[in-house]
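# Coordinates in review
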Amino acid sequence: MMRCWKTWQKRGVIMSRDKADRLRICLLSYRSHPHCGGQGVYIYNLSRALKDLGHHVEVVSGPPIPQLDKDIKLFQLPGLDLYNPDDLFRMPSLKELSDPVNFMEWVGVSTMGFPEPFTFGLRAYRFLRKRRHKYDIVHDNQSLSYGIKSIKKYIPTIATIHHPITVDRDLAVRTVSSFWQKMKQMRWYSFIGMQKRVSRTLSHIITVSQSAKNDISKDFRIPLERFKVIPNGINTDLFYPVSEIRREKGRIIVTSSAETPIKGLRYLLEAVAEISKTLDIRLVIVGTVKKNGDIEKLIKNLDIKEKITFTGRIDNEAFVQQYARASLAIVPSVYEGFGFPAGEAMACGLPVVSTTGGALPELVGDAAILVPPANSRELVNAITELLKDPEQAEKMGRLGFNRVHSRFTWKRAAEMTAAAYRETIRDYHRL
């Protein structure tokens, strides 16, 4: 009987400890659909991994809504969603505009700004003010809105900054020539001032690479000691080698989640045009581009339309099949805070040619040929080298696969993130 009592007593201690270790987490993300870039990937995988560690996770999102597993609760904050490609820049109804936050969002878009981070923060504050006792920690996914500054007065708050948006702004301004175009870009990125001011008030910030940490600290003027570097993971359940599909010689692949200068697609297209003069090469672009936009015009001017295939939006299974058919994956980005496309290609066992932009060298290590960003000539040399040397390409593919599985898992990212949460909560209650 005594032994039985001690056993139940021991179990009770373990159960109490497990309950104490279980965090009630609110993840905030203003734009996190999986087809809108890395932020959607981040929210989906981090929420899943934190849940698997035993934590209670809820996600609060603006449109477009993220893709989440069914056991993770999602609160969708209604917004105007004026950048929805299916109904771009629609005219809101008078009923919608009677809400002051909606009105501010409409005015911001109408004056060529990007007000979503600001208005999402206001809606999030309005939502969380009534639920502040339900969470131990709020984790903001780079909205960095004034609403977040208000939330942190009531709930311990941490934010992830994936990379400094100042890099995107500066590159966008440099790539246009007229004064009015430059002013238009400056207006679009005007939310950065808010993000700088709010981020400086946060005691704890997560970022995904050492490169991003240094650049954010410099551009946002935030002390380095406030940062925790927690690399993202790669979902190896979704991205893996498919041995029954044969790689096609001369077929290369790139992921284009956004037609912006920072992704460096124009330099890859220039390289393809040059390589096609001597080698049979085909480029598959996973994604879409604007009709009659700069990329489409460049393809026409380079006379390489027959060499290019756009997949449009595809599901993960089709994505993996595209990787399996390709000989090489190219990451031509001028800058990346982390670089999901490189990691996903490596997880599929695909050799990679990558620029040295931002954090990419930290991710790929010795498992890729590295070239300077914004340099089509160096891309030509690297792509040609690997297309002509399949043995080297195969070796690099194996190196990349092993590197992802040993260093970049979502379980590891979630464990480090939970530790950052506990530190944030502890310091909050000390104040």
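Right above here is the structure, for reference.
The rules we used
- Residues numbered from 1 in each chain as written.
- Predicted model: local features only at pLDDT ≥ 70, side-chain atom pairs only at ≥ 80, totals over all residues.
- Heavy atoms only, no water.
- Helix = DSSP H or I, 4+ residues; strand = E, 2+ residues; numbered from the N terminus.
- Buried < 20%, exposed > 50% of the residue type's maximum accessible area, 1.4 Å probe, protein only.
- Contact = heavy atoms within 4.5 Å.
- Areas by Shrake-Rupley, 256 points an atom, 1.4 Å probe, with all protein chains shown as cover.
- Lys, Arg positive; Asp, Glu negative; His and termini not counted.
- Charge placed at Lys NZ, Arg CZ, Asp CG, Glu CD.
- Axes fitted to C-alpha atoms, helices over the stretch in contact; angles between N-to-C directions.
- Parallel < 35°, antiparallel > 145°, perpendicular 65-115°, else oblique.
- Nonpolar A, V, L, I, M, F, W, Y, C, P; charged D, E, K, R; others polar.
- Expected span 1.5 Å × (residues − 1).
- Arc of directions from axis to C-beta.

### What to know about the overall build of the protein chain
- Counting its secondary structure elements, the protein chain contains 18 helices and 13 strands.
- Projected onto its principal axes, the C-alpha positions of the protein chain cover 80 × 65 × 40 Å.
- Out of the 431 residues belonging to the protein chain, those deemed buried represent 50%.
- Relative to all contacts within the protein chain whose residues are 6 or more apart in sequence, the contacts with residues 24 or more apart total 67%.
- Taken as a whole, the protein chain presents about 21,300 Å² of accessible surface, with 53% of it coming from carbon and sulfur.
- The centroid of the 65 positive side-chain charges in the protein chain is displaced by 7 Å from the centroid of its 45 negative side-chain charges.

### Looking at the packing of helix 16 (residues 376-388) against helix 17 (residues 390-407)
- Following both chains from N to C, one finds helix 16 and helix 17 inclined at 100°, their axes separated by 5 Å at the closest point. When the axis of helix 16 is compared with that of helix 17, the two are roughly perpendicular. Residues Glu385, Leu386, Leu387 and Lys388 of helix 16 form the contact with helix 17, whose own contacting residues are Pro390, Gln392, Ala393 and Met396.
- For the contact of helix 16 with helix 17, a count of residues per class yields 5 nonpolar, 1 polar and 2 charged.

### Side note on helix 17
- In a regular helix each residue adds 1.5 Å, so 18 residues correspond to 26 Å; helix 17 covers 26 Å between its end C-alpha atoms and thus fits that length.
- Every buried residue of helix 17 is accounted for by Ala393, Met396, Gly397, Gly400, Arg403 and Val404. Looking down the long axis of helix 17, one finds its buried residues gathered within 130° of arc, a one-sided arrangement. Those residues of helix 17 that are exposed and angled more than 90 degrees off the buried face are Glu391, Glu394 and Ser406.
- Looking at the buried side of helix 17, the elements it contacts are helix 14 (340-347), strand 12 (352-355), helix 15 (360-364), strand 13 (368-371) and helix 16.

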